[in-house]
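Next come the chains, spelled out residue by residue.
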Amino acid sequence: MLEIKELKARIGDKEILKGINLTIRAGEVHALMGPNGSGKSTLAQALAGREEYEVTGGEVTYEGKNLLDLAPEDRACEGIFLAFQYPVEIPGVSTLYFLKAAMNAMNKYHGRSALDAMDFLALAKKKMSDLNMDQSLLHRSVNEGFSGGEKKKNEIFQMAMLDPKLAILDETDSGLDIDALRIVADGVNRLRDPARAILVVTHYQRLLEYIVPDRVHVLSDGRIVKSGGKELALELEKRGYSWVKEQAGDTSPAVS
Amino acid sequence: MTKEKESAPHLVGQFEQWKLARSANGSGWFDAVRESAISRFAEIGIPTPKMEDYRFTNLAPLARGSFQHIAIAGDNKNKLDPDPYLYGDSTAVEIVVRNGCLESVSAAGDLPEGVVVVPLSEALHSYRELVEPHLAQYAPIESEGLAALNTAFLEEGLFVHVPRNVILQKPVHILYLTDPGDRETVSYPRNLWILEEGADLTILESYAGDREATYWTNTLTEIVLGENAALRHYKLQLESEKAYHIGRLHAKQERASRLSTYSISFGSRIARNDVNLALEGEGIHSIMDGLYLGDNDQLIDHHTFVDHVSPNCESRENYKGILSGKSKGVFNGKILVRRDAQKTDAVQTNRNLLLSDHATINTKPQLEIYADDVKCTHGATIGQLDRESLFYLQARGIDKDTARSILINAFAGEIVERLEFEPMRSRVESLLYDRLPGGSALKEWR
Ligand SMILES: Nc1ncnc2c1ncn2[C@@H]1O[C@H](COP(=O)(O)OP(=O)(O)OP(=O)(O)O)[C@@H](O)[C@H]1O
Ligand SMILES: [Mg+2]
């Protein structure tokens, strides 16, 4: 579904991604771990099309298309969803309106008819109660004054509504309480199916107990330095990143 | 380069011509005021950027000499359709003034006893006893050339008198239309609204003109609010982008009265709005809100002045501007708190969104406080659309133009939501969408 080859990207003069190789097939869940500042969010945002991250080399193929050619909104319409590490507050735009605009934009892109307002509302309410979210959030400005956990849940709620093919979750578990973590993980697991893929960026093994990954990758200084099965996450938890970094110093970067 | 004074002898000349043409009109009692106003105008002329209050707004085009009094400029061939600007007879008392002349007044048969809602031309001769104590009593004819000019030529507009404790449920709407013509014209709308003690009403004022027409509207409104009276006033300025709009409002508020005045300014090549409130009595509450939208070469200037004369009054001011193209915005908000005005509570904000590198805004709060126990705050901001927010919307499938429109609309929304009169609010929303790229889609999803 997604094939990243030698992807390089920079912000301003600073090279952040230094040649990423990663392949994710439909039906798979991949976890991306790695130290702070290693480039995980940069990769996630670059995949979603953030202009500030200038791609300087490599290719990304998504469902046979050159992803890097697509505008951010077209990537979203083609089924890529990024749950932001830091969801953005948008004063004056209600969550409900925001979602309606997003779903209408996607329907338009695919030539589908606009959704019925009542069906939409019913669906939104159902998805919110699945996530144990307060429905009053629908009528508040997007993320404005939301608690940290509410913001993260709001990302998962949007994901559930927009029904993506490839979901990239950037530290959606950070800042969630124990119950919320479980609820969010259930939300993600509901999305798991043979036609979809998920990339989970996380620092914690605990999330991966709920969302069990097929592959785990370690990103360090802009490169994937180690990949493995779900047991890699456990090992990292025990031994920290220095262990992987030392290993990587001797060998060429591992490829998934 | 800029002159100390911009005299406009042709406008003074037109006064003589116009006087002869209207000699049949029976409001001679006001002629002395007209005469002294035109001589004052002849002395002080049109303001120039040499004057502090006009530093950023050069009105030299008004002195060009081509502007002809609309009543003597002759008939127009094409008439603008007023319907898109009206709210309908069942929603409001509708009065249409076209090219300075009264065109229609909707049946106002169901007005409460004693309420007078008539064109000013009629009030001048039929309601002299109500008009005379107030007309031209609040406008600064001595110091402001264009106020003097308006007063010399005043003839048509909206006169409202609401007696004690009468509540008028139905809003009154006056529409000033300017048709296209072969010549550049100038008109002088003039309003006088008097609310006696405890009276309550809503007044709407709209200005529109042919898109291709170059004309000048020089309008002035005087308002008197008696004790406990309440007025909600909405001004919608949709003049042609080639037009000049000079608007001035003076309100005198008495004890515990409440005034909300909204200025929505979307049109004109140059629009200058002066809003002046005098809070003369305790317990007054005033709201002044505004939204201005500039594009291309438009210049939109608001000068507001709240004069806190008495103690325990509250004023709230919130103006927002959205500027694209090479447009310019000017905001000058003055708050004067006089020595006796203890416990004054005044808040003023002016926020601006610059959508292009060539758009500019000059914003300046001006606080003069002579009382010691007061609460006065002010703030001004100038910003661009937030890139993170734009990307967030795009990452949800919304194209860039639409995303921009959503954010611009959200910025304006704070003011739009305050327009209590729903038909006006949805009109402004809709006009806003029309001006935004991708706005038509948003209109449907609303
Ligand atoms: N706009 C920016 N300007 C300059 N440097 C940036 C910018 N955005 C990110 N960086 C830098 O790029 C590097 C990678 O950042 P990134 O956010 O991708 O890290 P991360 O792996 O997601 O870290 P974390 O685990 O803390 O979320 C960091 O050194 C960061 O400071
Ligand atoms: Mg990150």
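Residues numbered from 1 in each chain as written. Chains lettered and ligands numbered in written order. Predicted model: local features only at pLDDT ≥ 70, side-chain atom pairs only at ≥ 80, totals over all residues. Heavy atoms only, no water.

Comments concerning the overall build of chain A
Looking only at helices and strands, one finds nine helices and 12 strands in chain A. Over its C-alpha atoms chain A spans a radius of gyration of 18 Å, differing by no more than 12% from the 18 Å that the globule rule assigns to 256 residues. Each of the three principal axes of chain A carries a C-alpha extent, and together these read 60 × 40 × 35 Å. Put simply, chain A has 256 residues, and 54% of those count as buried. (Helix = DSSP H or I, 4+ residues; strand = E, 2+ residues; numbered from the N terminus. Rg over C-alpha atoms; globule rule 2.2 N^0.38 Å. Buried < 20%, exposed > 50% of the residue type's maximum accessible area, 1.4 Å probe, protein only.)

Observations concerning the overall build of chain B
When you go through chain B residue by residue, the secondary structure sums to nine helices and 21 strands. Taken along the three principal axes of its C-alpha coordinates, chain B extends 70 × 55 × 50 Å. Taking all 446 residues of chain B together, the buried fraction comes to 60%. For chain B, long-range pairs separated by at least 24 residues make up 84% of all intrachain contacts whose partners lie at least 6 apart in sequence. Surface accessibility of chain B: about 16,900 Å² in total, with carbon and sulfur atoms responsible for 46%. For chain B, the separation between the mean place of its 48 positive charges and that of its 64 negative charges on side chains is 4 Å. (Contact = heavy atoms within 4.5 Å. Areas by Shrake-Rupley, 256 points an atom, 1.4 Å probe, with all protein chains shown as cover. Lys, Arg positive; Asp, Glu negative; His and termini not counted. Charge placed at Lys NZ, Arg CZ, Asp CG, Glu CD.)

Observations regarding the coordination of the magnesium ion (ligand 2)
Residues and elements named next belong to chain A. Donor atoms from the polypeptide that coordinate the magnesium ion (ligand 2) comprise Ser41 (OG) and Gln85 (OE1), at 2.0 to 2.1 Å from the metal. Residue Ser41 is found in helix α1 (residues 40-48), and its partner Gln85 is found in the loop between β6 (80-83) and β7 (90-94); the two are separated by 44 residues along the sequence. Classification of Ser41 by relative accessible area gives partly exposed; the value is 22%. (Donors = N, O, S within 2.8 Å, 3.2 Å for Na, K, Ca; no water.)

Structural notes on the domain arrangement of chain B
Interfaces are often sized by the accessible area lost when the parts come together. All names here are of chain B. When the domains of chain B are assigned, the result is domain 1 (9-280) and domain 2 (386-446). With 14 residues of domain 1 at the interface, the matching set in domain 2 holds 11 residues. Taken together, both faces of the contact between domain 1 and domain 2 bury some 1,300 Å²; the carbon and sulfur share is 73%. The largest per-residue losses of area from domain 1 upon contact with domain 2 belong to Tyr87, Tyr234 and Phe266, which jointly make up 43% of the total buried on that side. For the pair domain 1 and domain 2, the interface holds zero salt bridges. Counting the contacts that link domain 1 with domain 2 gives six residue pairs in polar contact (both at pLDDT 80 or more). Elements supplying a minimum of two residues to the side of domain 1 that touches domain 2: β11 (230-238) and β13 (258-265). (Domains from an automatic or database assignment. Buried area = accessible area lost by both parts, 1.4 Å probe. Salt bridge = Lys/Arg side-chain N within 4 Å of Asp/Glu carboxyl O. Polar contact = N/O pair within 3.5 Å; in protein donor to acceptor, adjacent residues only side chain to side chain.)

Quick notes on the confidence of the model for chain B
Looking at chain B, pLDDT values average 93 and 96% of them are 70 or higher. In the predicted assembly, ipTM is 0.95 and pTM is 0.92. (pLDDT = per-residue confidence, 0-100.)

Remarks on helix α2 (residues 31-44) of chain B
All names here are of chain B. Spanning 14 residues, α2 covers 20 Å between terminal C-alpha atoms, matching the ideal 20 Å at 1.5 Å per step. Every buried residue of α2 is accounted for by Arg34, Ala37, Ile38, Phe41 and Ile44. Buried residues of α2, viewed axially, fall in a sector of 135 degrees; they line one side. On the buried face of α2, the contacting elements are α1 (9-21), α3 (120-126) and α5 (145-153). With its phi angle positive at about 65 degrees, Gly45 sits one or two positions after the end of α2. (Expected span 1.5 Å × (residues − 1). Arc of directions from axis to C-beta.)

What to know about the pattern of salt bridges
Residue and element names in this part refer to chain B. Applying the stated criterion across every chain yields a total of 47 salt bridges over all chains. Measuring nitrogen to oxygen at the nearest pair gives 2.6 Å for the salt bridge that ties Lys19 to Glu35. With a gap of 16 residues between them, Lys19 in helix α1 and Glu35 in helix α2 connect regions that are remote in the sequence. When its relative accessible area of 28% is taken as the criterion, Lys19 is described as partly exposed.

What to know about the site of ligand 1
All names here are of chain A. Neighbouring ligand 1 are 15 residues, the closest being Gly37, Lys40, Ser41, Thr42 and His203. In this structure, Gly37 approaches ligand 1 through a main-chain N or O atom, which is 2.9 Å from an oxygen atom. Considering ligand 1 on its own, with 630 Å² of exposed area, one finds that the protein chains cover 63% of that surface. For the shell around ligand 1, the secondary-structure elements that each account for two or more residues are β2 (14-24) and α1. By residue number, the principal contributor to the shell around ligand 1 is α1, which donates three residues. The residue inventory of the shell around ligand 1, partitioned by class, reads four nonpolar, eight polar and three charged. (Near = heavy atom within 4 Å. Nonpolar A, V, L, I, M, F, W, Y, C, P; charged D, E, K, R; others polar.)

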